[in-house]
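# Results of the structural survey
Now for the letters of each chain:
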Amino acid sequence: MVSPHSSQLLDRPTRPRVVIVGAGFGGLAAARILARAPVEVLVINRTNYHGFWPLLYQVATAGLEPESIAYPARAILRRYRNADFLLAEVTGIDYERQLLHTSAGEVSYDYAILAAGSATNFFGNERFAQYTLGMKDLDEAQRIRNHVLLCCEQAVTERDPAQRKALLTFVVVGGGPTGVELAGAFAELIRHVIRHDYPMLDLRQATVVLIEATDRLLASFPASLQRSALRRLQQMGVDVRLGTAVADAEPRGLRFPDGSRLEAATVVWAAGARGAALADALGIATGRGGRVPVTPFLTLPGKDNVFVIGDMAYLEGDRPGVAYPMVAPVAIQMGEHAARNIIAQQQRQAMQSFRYRDKGQMATIGRSAAVLDAFGLRLSGWPAWVGWLVVHLIALVGFRNRALVLLNWAYSYATYDRGARLIFGVGAERPVWEAPHR
């Protein structure tokens, strides 16, 4: 049964309505700019929280609890008097009638900002999607955590050394920031936690493998930082395989173009992202990575009242043929810019073209190590790690979350322990490994 207030959200308001699809970095940035504009703002999201995805890998490796990196969307939006929230999933759009099709009904808009984010890119291979684990939201991160811990539990009772080794083999496909951070976190999980929780296991069988199809890690970073990241991972015991493409995924691991196989119970796919499923429902041919081509104003061609921002948007920057990266700073700046262009339209002023102000990039590589290319500095090791800590703490939404994450990090740093290694919720009941028929 829909409450009277909920039904009002589906009606057309008296003031112009800006509907923002997505409560991620870009969507919330747009809502913040529009807070004092003479418009009604409605944020629609398929979950009731904003997730801080740069720390998602720490949830997947038992470093943080899921609630530490999530914050209620309504609590964020209630500070804006002209903003409201609707929990629903947007499935399509009617440009002529200016309606969004959602799981809660049709929602009218005068302006729409589509900021639904991204999904794991399996490059059309359904077997990659079926036999590997993605990491794009809290459910998937929690599934990885459960899966890894279940592998350890199952390895305790596995008598076949080959099968036990496969249960203790953790593979990450993709050498970008997500893959590098996740591989480092897996290595530390083995060294500092699994070693003590499972003393009966011979952890010489435990292996972390990072697979990258090109000849380098962290392709967008300077070469010196790429080499630093590679050295650090190798020092941590990660088996880094550069120039290694994956031909196919199987129920029990991966197969490579030369016919060789890697048996592993855990394979996380971090080899790419694509625009969210909503991008395919807009009736517009998508560009590379399933992203939606937009004008320099961030609008759909021929539709000045529909904006697409963040990971969903395909817009080339200074380098022809290269779109802006799918990272939080781009989404935030696009969200702010789209909101300002809506305000300009309201004031009958010309819209401005988007220009990204690159503030740099960073990636952590385990305990006390990171690489940082930002603020005019190129750092690696402990100084970069401190910079990474400060930036991520500041960016978290809510004092409670900052305090929780800081306490978790301080505790883990001092004790080499991780308190979030619980098996429950999403995927907790799924068997992780079936022994081959003999």
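Above: the structure in question.
Here goes a summary of the coordinates provided. Because the structure is a prediction, the values reported are computed rather than measured.

## Observations regarding the overall build of the protein
Across its full length, the protein holds twelve helices and 25 strands. For 438 residues, the compact-globule estimate of 2.2 N^0.38 gives 22 Å, and the C-alpha radius of gyration of the protein, at 23 Å, lies within 12% of that figure. Each principal axis of the C-alpha atoms in the protein carries an extent, and together these give about 70 × 55 × 45 Å. The proportion of buried residues among the 438 residues of the protein is 53%. Long-range pairs, those at least 24 residues apart, make up 66% of the contacts in the protein between residues at least 6 apart in sequence. Per element, the accessible surface of the protein, about 20200 Å² overall, is 52% carbon and sulfur.

## Regarding the packing of aromatic side chains
One pass over the full model with this rule turns up six aromatic pairs. Measuring from centroid to centroid gives 4.3 Å for F128 and W269, while their planes differ by 25°, and the two rings are stacked. Placement of F128 in helix α5 (residues 126–131) and of W269 in strand β17 (residues 266–269) is noted, with a sequence separation of 141 residues between them. Assessed through its relative accessible area of 6%, F128 is described here as buried. Ring plane angle 25° and centroid distance 5.6 Å describe the contact between F170 and F186, whose orientation is recorded as stacked. Residue F170 is located in strand β11 (residues 169–173), and its partner F186 is located in helix α8 (residues 177–197); the two are separated by 16 residues in the primary sequence. When its relative accessible area of 1% is taken as the criterion, F186 is described as buried. Aromatic rings pair up to connect F122, F128 and W269 into one cluster. A cation over an aromatic ring shows up here: K303 above the ring of Y95, its NZ or CZ 4.7 Å from the ring centre.

## Some details on empty space enclosed by the protein
Going through the model one piece at a time under the given rule, you end up with one cavity of 30 Å³ or more. Size it by volume and the largest cavity reaches roughly 30 Å³. Around the largest cavity, the lining residues are L149, L189, V193, I194, D197, Y198 and R421. Broken down by element, the lining of the largest cavity gets its largest block of residues, four residues, from α8. Its residues placed into classes, the lining of the largest cavity shows five nonpolar, no polar and two charged.

## Description of the environment of E96
Tracing the backbone through its elements, the reader meets E96 in the loop between β6 (90–94) and β7 (99–102). By relative accessible area, E96 is classed as exposed at 75%. Between the alpha carbons of E96 and R348 there is a distance of 22 Å; along the sequence they are 252 residues apart.

## Focus on the sheet that holds β6
Pairing between the strands of a sheet is mediated by backbone hydrogen bonds and can be parallel or antiparallel. Sheet architecture is open: three strands sit in the order β6-β7-β8, paired in antiparallel fashion. In this open sheet, the two edge strands, each paired with only one partner strand, are β6 and β8 (105–108). Taken over all neighbouring pairs, the strand axes of this sheet differ in orientation by 25° on average, direction set aside. By the bridge criterion, four bridges tie β7 to β8 in an arrangement that is antiparallel.

## Observations concerning the side chain of E212
Relative to the elements of secondary structure, E212 occurs in the loop between β12 (207–211) and α9 (223–235). For the buried residue E212, which engages in no salt bridge, the nearest side chain bearing the opposite charge is R216, 7.6 Å off. At 2.6 Å, the side chain of E212 and the backbone nitrogen of G175 are in polar contact.

## A look at the sheet that holds strand β20 (residues 299–300)
With respect to topology, six strands assemble into an open sheet ordered β5-β2-β1-β9-β21-β20, the strand pairing being mixed. Each edge of the open sheet is held by one strand with a lone partner, namely β5 (83–87) and β20. Examined bridge by bridge, strand β2 (residues 40–45) and β5 share five bridges and lie parallel to one another. By the bridge assignment, N45 is partnered in β5 with L87. On top of the sheet, helix α2 (residues 25–33) reaches β1 (17–21), β2 and β9 (111–114); it is set at about 160° to β1, its chief contact.

## Let's talk about the state of the cysteines
For the structure on display, the rule yields zero disulfides. No disulfide involves C152; its nearest neighbouring cysteine sulfur is the one of C151, lying 6.8 Å away.

## Focus on the pairing of strand β23 (residues 360–364)
Of the strand pairs in this sheet, β23 and strand β24 (residues 370–374) are connected by five bridges, and their pairing is antiparallel. By the bridge assignment, Q361 is partnered in β24 with D373. Turn length for the β23-β24 hairpin, with the two strands adjacent in sequence and antiparallel, is five residues, and the turn residue G366 shows positive phi of about 90°.

Analysis parameters
Along every chain, residues carry numbers that run from 1 in the direction the sequence is written. Local features in a predicted model are, by the rule used here, given only for residues with pLDDT of at least 70; side-chain atom pairs are given and counted only at 80 or more, and totals for whole chains, interfaces and linings are based on all residues. Hydrogens and water are ignored here; the side-chain numbers use all heavy atoms of the structure. In this text, helices come from DSSP runs of H or I with a minimum length of four residues, and strands from runs of E with a minimum of two, each type numbered from the N-terminal end. A radius of gyration in this sense is built from C-alpha atoms; the matching globule rule multiplies 2.2 Å by the number of residues raised to 0.38. Three exposure classes are used, based on accessible area relative to the maximum for each residue type with a 1.4 Å probe and protein chains only: buried under 20%, partly exposed in between, and exposed over 50%. In what follows, a contact means two residues having at least one pair of non-hydrogen atoms within 4.5 Å. The Shrake-Rupley method, run with a 1.4 Å probe sphere, supplies the accessible areas, and residue values consider only the shown protein chains as cover. For Phe, Tyr and Trp, where Trp contributes only its six-membered ring, two rings pair if their centres lie within 6.5 Å, and the inter-plane angle classes them as stacked under 30 degrees, edge-to-face over 60, or tilted in between. Here, over-ring charges are defined by two tests on the NZ atom of lysine or the CZ atom of arginine: distance to the ring centre within 6 Å, and angle to the ring normal within 35 degrees. The definitions used throughout rest on a 1 Å grid laid over the protein atoms alone, on which a cavity is an enclosed set of points accommodating a 1.4 Å probe that cannot get out and a pocket is an open set flanked by protein within 12 Å on both sides along at least five of seven lines; lining residues are those having an atom within 4 Å of a point. Grid points are joined across faces, edges and corners, and a volume is the space filled by probe spheres set on the points. In the scheme used here, Gly and all other residues not listed as nonpolar or charged are polar, with Ala, Val, Leu, Ile, Met, Phe, Trp, Tyr, Cys and Pro taken as nonpolar and Asp, Glu, Lys and Arg as charged. Any two strands with at least two DSSP-identified bridges between them are counted as paired. Here the axes come from fitting lines to C-alpha atoms, over the contacting stretch only for helices, and the angles between their N-to-C directions go from 0 to 180 degrees. We count Lys and Arg on the positive side and Asp and Glu on the negative side, and we leave His and both chain ends out. The working definition used for a salt bridge is a side-chain nitrogen of Lys or Arg within 4 Å of a carboxyl oxygen of Asp or Glu. Pairs of N or O atoms are called polar contacts if they sit within 3.5 Å, as long as, within protein, a hydrogen donor faces a hydrogen acceptor (for residues adjacent in sequence, only side-chain-to-side-chain pairs). Any two cysteine sulfur atoms lying within 2.5 Å of each other are counted as a disulfide.

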